Amino acid sequence: MAQNQDFDLHLFLPYLLNQAAEASSLSFQQVYKNRYGMLRAEWRVLFHLGVYGPLTAKDICDRAKMHKTKISRAVQKLADRRYLRRDPSTSDRRSEILALTERGQAVYRDLNGIAQQYETELLASFSSKERKILKQLLIRLANGPSRNNA
């Protein structure tokens, strides 16, 4: 099989995005892991509930673009720590409405402040214009290719 000499993996956009995501999230990941013993999925569930209020696990799956098994495990661990409560849905008996407890809200507020400071430090080497453009472009990419042409 012939190798494509023109293809540079290190310049391939999905590879670059993955590398940037990993590099930019590792330090913050250590914060929520060391401080609260959380894994990435737990942090993402906690933050979705902190930002959006009560949601179903399916809502979080859809918003976070994560597999339901990971969300389910994260929900269980957060419930075990009493960071969230699970209330039966009045419209669908098969689902639960998840909401942060007071304890979960305190953890969210703590980590939210740290996250905002972390983002400020992460973007400090960019100009205001570069930060705005970077976020706009990443949002377009996150929305998927079909919406990028609109």
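Our structure's up above, just so we're on the same page.
Please read all numbers here as calculations on a predicted model, not as lab measurements.

Peer 1: Would you mind going over a nonpolar patch on the surface in detail, with residue names and values included?
Peer 2: On the surface, Leu 11, Leu 13, Leu 16, Leu 17, Phe 126, Leu 134, Leu 138 and Leu 141 cluster together into a nonpolar patch covering about 650 Å² of accessible area. Counting residues per element, the ones that place at least two in the nonpolar patch are α1 (13–36) and α6 (128–142). With respect to the element layout, Leu 134 can be found in helix α6.

Peer 1: Which residues make up the pattern of salt bridges, and what are the values?
Peer 2: All chains considered together, the criterion is met by nine salt bridges. Across the pair Arg 35 and Asp 110 runs a salt bridge whose closest N-O atoms are separated by 2.8 Å. Of this pair, Arg 35 sits in helix α1 while Asp 110 sits in helix α5 (residues 102–122), placing them 75 residues apart in sequence. In this structure, the salt-bridge partner of Glu 42 is Arg 81, at a minimum N-O distance of 2.6 Å. Linking Glu 42 in helix α2 (residues 40–52) with Arg 81 in the loop between α4 (68–80) and β1 (84–88), this pair joins segments that are 39 residues apart in sequence.

Peer 1: A description of the packing of aromatic side chains should follow, citing residues and the corresponding values.
Peer 2: For the structure shown, the criterion picks out eight aromatic pairs. Aromatic pair Tyr 32 and Trp 43: ring centres 5.5 Å apart, planes at 15°, arrangement stacked. With Tyr 32 in helix α1 and Trp 43 in helix α2, this residue pair connects regions lying eleven residues apart in the sequence. With respect to burial, Tyr 32 and Trp 43 carry one shared label: buried. The ring of Tyr 52 carries the charged tip of Arg 63 above its face, separated from the ring centre by 4.2 Å.

Peer 1: Just give me the short version of the nonpolar core, but keep the residues and values in it.
Peer 2: Membership of the largest hydrophobic core comes to 28 residues, with the highest contact counts inside it found for Met 38, Val 45, Leu 46, Leu 49, Ile 60, Leu 84 and Leu 111. If you list the elements that add at least two residues to this core, you get α1, α2, α3 (57–64), α4, β2 (96–100) and α5. At six residues, the largest contribution of residues to this core is made by α2. With sequence-adjacent residues up to four places away left out, Ile 60 is seen in contact with Val 45, His 48, Leu 49, Leu 55, Lys 65, Ile 71 and Leu 98.

Peer 1: With reference to specific residues and values, describe the environment of Ser 89.
Peer 2: Along the polypeptide, Ser 89 turns up in the loop between β1 and β2. Residue Ser 89 is classed as buried on the basis of its relative accessible area of 11%. Taking the C-alpha atoms as reference points, Ser 89 and Ser 24, separated by 65 residues in sequence, lie 37 Å from one another. Reaching out from Ser 89, the side chain makes a polar contact with the backbone nitrogen of Ser 91 at a distance of 3.2 Å. In this structure the side chain of Ser 89 is engaged in a polar contact, spanning 3.2 Å, whose partner is the backbone nitrogen of Asp 92.

Thresholds applied
Residues numbered from 1 in each chain as written. Predicted model: local features only at pLDDT ≥ 70, side-chain atom pairs only at ≥ 80, totals over all residues. Heavy atoms only, no water. Patch = residues over 30% accessible without salt bridge, like charges linked within 9 Å, V, L, I, M, F, W, Y side chains within 5 Å. Areas by Shrake-Rupley, 256 points an atom, 1.4 Å probe, with all protein chains shown as cover. Salt bridge = Lys/Arg side-chain N within 4 Å of Asp/Glu carboxyl O. Helix = DSSP H or I, 4+ residues; strand = E, 2+ residues; numbered from the N terminus. Phe/Tyr/Trp six-rings, centres within 6.5 Å; stacked < 30°, edge-to-face > 60°. Buried < 20%, exposed > 50% of the residue type's maximum accessible area, 1.4 Å probe, protein only. Lys NZ or Arg CZ within 6 Å of the ring centre and 35° of its normal. Core = buried A, V, L, I, M, F, W, Y, C linked by side-chain atoms within 4.5 Å. Contact = heavy atoms within 4.5 Å. Polar contact = N/O pair within 3.5 Å; in protein donor to acceptor, adjacent residues only side chain to side chain.

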